[in-house]
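# Summary of structural features
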Amino acid sequence: MSFRNFKMVSYVVYGRGSFNQLDEILAPQRKAGAPMIFLVDHFFEGKALPNRVPLRGNDSIIFVDVSFEPKTKQVDALAQQLKDSFGTISGVIGIGGGSTMDLAKAVALMMTNPGSSADYQGWDLVKNPGVYKAGIPTLSGTGAEVSRTTVLTGPTRKLGMNSDFTPFDQIVLDPELTRDAPVNQRFYTGMDCYIHCIESLEGTFLNEFSKSYGEKALQLCQKVFVEKNGWDDACDDQLMMASYAGGMSIAYSQVGVAHAVSYGLSYLLGTKHGIGNCIVMDHLEEYYPAGVKEFKYMVAKNNIDIPKGISKGLTDEQFDIMINVSMGMKPLWENALGKDWEKIMTREKLRSLYEKL
Ligand code: NAD
Ligand code: ZN
């Protein structure tokens, strides 16, 4: 038996207004002549937040388009652009949702690793530590702020650059930054956390470490989406900590059926992670009865639309692509259904599940 020895984020600052400490936090990381690069979610272009970014010297803000989830091509282009413009840089700071944070992690790694980010999709393939990187979430739920992966869509697969070099050196958890997120988006990303908790707590990989974090994260999600009527600052505070704890929970376990199926949707149809998970979760009574019941309650209570009928009209070939991608997520299925998962989740069974979505 070998126990996972996982690398964690080195520094964490939490609190309303902690974003204002960024200049001070970055100061010791600055190298002469090498700028800090701030990758900022394009949602904030023209808003107040970019004016609060502590630019020094030849630092730059690059607004990143996250209309689609990050691609290896996008990562490679950004890293090349930075090498061409600056040679070396002091670090990459990602300010945004999970997509922007993943881009920041991947670009920081690609500043020091040769080739394409597609070469490093997998487990422990990254060779060199990247440049300094910090993550600042503006949406809560993915756990990308604490994870050791950065999920990328490449030429042949959707898979993370999973390595000990991937976690951020610093995260800034300032719940004020999530305040203006649209209700639907906040729900979808929040449900990513809720689903992480259910998949971790109901999984066969569970141990007391992941259970402790998973239970806490679940409780915080319930406070926000089940107990509370309306949204207030406390909800932002709680959901940000739920995301962190949910991420810590899966660090020592794995996600499960909703994620495995949702990966197929996003690979074929480009369905975004949060909403894709919700679309799938809506049909998983068989695997997570209590979680799905509560999920449906939260959807109704928060007045959220979950798209239906997205697999209508797909060809056999397209179903096969989704099934292949999903079946490839072996650790997720093993966590969800046990070692003999292939006997339980056959291609036929998975096909009928996709047909319901
Ligand atoms: P996102 O980053 O894809 O952003 C969704 C939308 O919300 C975008 O249009 C964005 O511009 C907008 N947005 C972001 N912050 C906002 C704010 N404060 N106010 C208004 N709009 C805002 O959404 P997400 O759900 O946070 O992240 C999903 C991504 O995270 C996927 O690419 C997924 O693969 C990745 N992910 C990574 C991990 C990991 O461990 N690395 C885990 C789960 C998900
Ligand atoms: Zn997720």
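The rules behind each value
Residues numbered from 1 in each chain as written. Chains lettered and ligands numbered in written order. Predicted model: local features only at pLDDT ≥ 70, side-chain atom pairs only at ≥ 80, totals over all residues. Heavy atoms only, no water. Donors = N, O, S within 2.8 Å, 3.2 Å for Na, K, Ca; no water. Tetrahedral: all angles 85-135°; square planar, octahedral: opposite > 155°, others 65-115°. Helix = DSSP H or I, 4+ residues; strand = E, 2+ residues; numbered from the N terminus. Buried < 20%, exposed > 50% of the residue type's maximum accessible area, 1.4 Å probe, protein only. Near = heavy atom within 4 Å. Polar contact = N/O pair within 3.5 Å; in protein donor to acceptor, adjacent residues only side chain to side chain. Areas by Shrake-Rupley, 256 points an atom, 1.4 Å probe, with all protein chains shown as cover. Nonpolar A, V, L, I, M, F, W, Y, C, P; charged D, E, K, R; others polar. Domains from an automatic or database assignment. Contact = heavy atoms within 4.5 Å. Buried area = accessible area lost by both parts, 1.4 Å probe. Salt bridge = Lys/Arg side-chain N within 4 Å of Asp/Glu carboxyl O. Pairing = 2+ DSSP bridges. Core = buried A, V, L, I, M, F, W, Y, C linked by side-chain atoms within 4.5 Å. Axes fitted to C-alpha atoms, helices over the stretch in contact; angles between N-to-C directions. Left-handed = near helix turned anticlockwise from the far one by under 90°.

## What about the coordination of the zinc ion (ligand 2)?
Coordination of the zinc ion (ligand 2) by the protein comes from D192 (OD), H196 (NE2), H259 (NE2) and H273 (NE2), over a distance range of 2.1 to 2.2 Å. Of note is the zinc ion (ligand 2), whose four donor atoms meet at the metal with angles of 87 to 171 degrees in an arrangement that counts as irregular. Donor residues binding the zinc ion (ligand 2) come from one chain and are separated in sequence as D-x3-H-x62-H-x13-H. Residue H196 is found in helix α4 (residues 183-201), and its partner H259 is found in helix α7 (residues 257-269); the two are separated by 63 residues along the sequence. Accessibility expressed as a relative area gives 4% for H196, which makes it buried.

## Things to note about the site of ligand 1
Taken together, 27 residues lie around ligand 1, and D41, G98, S99, S147 and T189 are the ones closest in. Contacts to ligand 1 include S147, whose side-chain N or O atom sits 2.6 Å from an oxygen atom. For ligand 1, whose free accessible area comes to 870 Å², the fraction covered by protein is 92%. Secondary structure elements with two or more residues in the shell around ligand 1: α3 (98-110) and α4. Residue classes in the shell around ligand 1 are distributed as 10 nonpolar, 11 polar and six charged. Residue contributions to the shell around ligand 1 reach at least three from each of two domains, namely domain 1 (11-178) and domain 2 (183-356).

## Quick word on the domain arrangement of the protein chain
A common way to express how large an interface is: the accessible area buried when the components associate. We note that the domain assignment places domain 1 (11-178) and domain 2 (183-356) within the protein chain. Between the C-alpha centres of domain 1 and domain 2 there is a distance of 25 Å. Between domain 1 and domain 2, the contact holds 24 residues from the first and 21 residues from the second. Counting each side, the surface lost to burial between domain 1 and domain 2 is near 2100 Å², with a carbon and sulfur contribution of 60%. Considering only the side of domain 1, the residues that lose the most area to domain 2 are R16, S140 and K158, jointly responsible for 26% of the buried surface there. Between D233 and R16 there is a salt bridge, and its shortest N-O distance comes to 3.7 Å.

## Section: the sheet that holds strand β5 (residues 122-123)
Backbone hydrogen bonds hold the strands of a sheet together, and the pairing may be parallel or antiparallel. With mixed pairing, the three strands of this open sheet are ordered in space as β5-β8-β7. In the strand order of this sheet, the two ends are held by β5 and β7 (151-153), each with one partner.

## A few points about the nonpolar core
Counting 59 residues, the largest nonpolar core has Y194, M281 and L284 as its most contacted members. With nine residues, α4 is the single largest residue contributor to this core. Leaving out residues up to four positions away in the same chain, M281 has contacts with Y194, I195, I198, A258, Y288, G291, V292 and F295.

## Here we look at the side chain of H196
A polar side-chain atom of H196 sits 3.1 Å from a polar atom in the side chain of H259. The contacts of H196, once residues within four sequence positions are left out, are G141, T142, I250, V255, H259 and H273.

## Some thoughts on the packing of α4 against helix α5 (residues 208-227)
Relative orientation of the contacting elements α4 and α5 amounts to 145 degrees, with a least axis distance of 9 Å. Crossing of α4 against α5: the hand is left-handed. Note on element contacts: α5 touches α4 through S210, K211, G214, E215, A217, L218, C221 and F225, opposite R186, F187, G190, M191, C193, Y194, C197, I198, S200 and L201. Of the residues that constitute the contact of α4 with α5, the class distribution is 11 nonpolar, four polar and three charged.

## Focus on the pattern of salt bridges
The full count for this structure, using the stated rule, is 17 salt bridges. Close ionic contact of K158 with E69 constitutes a salt bridge, the shortest N to O distance being 2.9 Å. Taken together, the residues span a long stretch of sequence, with K158 in strand β8 (residues 158-162) and E69 in the loop between β3 (60-64) and α2 (72-86) at a distance of 89 residues. On the accessibility criterion, K158 (6% relative accessible area) is buried.

## Section: the sheet that holds strand β9 (residues 170-173)
Read across the open sheet, the six strands follow the order β1-β9-β6-β4-β2-β3; overall the sheet is parallel. Whereas interior strands pair on both sides, the edge strands pair on one side only; in this sheet they are β1 (11-14) and β3. Taken pair by pair, the neighbouring strands of this sheet meet at an average axis angle of 15 degrees, ignoring direction. Relative to β9, strand β6 (residues 132-137) runs parallel, the two sharing two bridges. Across the sheet, G135 pairs through a bridge with I171, a residue of β9. Sitting on the sheet, α3 is in contact with β2 (36-41), β3, β4 (91-96) and β6, with an inclination near 170 degrees to β4.

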